[in-house]
Amino acid sequence: DIAVTYASSNQLAIFFGNDYGAMRDQLALPTGSAARPIAVAVDDFNHDQYSDLAIVNYGTGTVQIRLGN
C-alpha cells in the first residue's frame, strides 16, 4: 500500500496493493480546508496492532492522527 499527500487539493490518498505488484483501489481522505498536507508517517500510535497515519499539514501547522481499524 502507498500513502500520498496532495497539498493542492488538501487530501491524502491511499493506494491499496493487490498482492501481485500492482495497485487497485484508491481511498481519498480530506485533510481540511487550507491544510496543505506535505508528509505522512505510518505507525501503531495507539498500540492496538493496527497501522495509523500521522499527516503533517503545512498550511495549518498541525499534525492529524488517523487511527486504523
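Relevant structure appears above.
A.B. asks: What exactly am I supposed to notice about the pairing of strand β5 (residues 52–57) here?
C.D. replies: Successive side chains on a regular strand alternate, one facing one side of the sheet and the next facing the other. Of all six residues making up β5, five are buried, and the element is well covered by its neighbours. Judged from the six bridges that link them, strand β4 (residues 37–43) and β5 form a sheet pairing that is antiparallel. Bridge pairing links D43 to D52 in β5. Pairing geometry for β5 and strand β6 (residues 62–66), over five bridges, is antiparallel.

A.B. asks: Just to check I follow, could you spell out a nonpolar patch on the surface for this structure?
C.D. replies: On the surface, I38, F45, V56, Y58, V63, I65 and L67 cluster together to form a nonpolar patch covering roughly 660 Å² of accessible area. Residue position: F45 is located in the loop between β4 and β5. Judged by relative accessible area, which is 35%, F45 ranks as partly exposed.

A.B. asks: Honestly, the nonpolar core in this entry has me stumped. Any pointers?
C.D. replies: When a protein is soluble and globular, its nonpolar side chains tend to lie buried together. With five residues, the main nonpolar core is built from L12, I14, L29, L53 and I55. Elements supplying a minimum of two residues to this core: β2 (11–17) and β5. Every residue in contact with L12, bar those within four places of it in the chain, is listed here: A3, V4, T5, L27, A28, L29, T31, V40, L53 and I55.

About the thresholds
- Residues numbered from 1 in each chain as written.
- Predicted model: local features only at pLDDT ≥ 70, side-chain atom pairs only at ≥ 80, totals over all residues.
- Heavy atoms only, no water.
- Buried < 20%, exposed > 50% of the residue type's maximum accessible area, 1.4 Å probe, protein only.
- Helix = DSSP H or I, 4+ residues; strand = E, 2+ residues; numbered from the N terminus.
- Pairing = 2+ DSSP bridges.
- Patch = residues over 30% accessible without salt bridge, like charges linked within 9 Å, V, L, I, M, F, W, Y side chains within 5 Å.
- Areas by Shrake-Rupley, 256 points an atom, 1.4 Å probe, with all protein chains shown as cover.
- Salt bridge = Lys/Arg side-chain N within 4 Å of Asp/Glu carboxyl O.
- Core = buried A, V, L, I, M, F, W, Y, C linked by side-chain atoms within 4.5 Å.
- Contact = heavy atoms within 4.5 Å.

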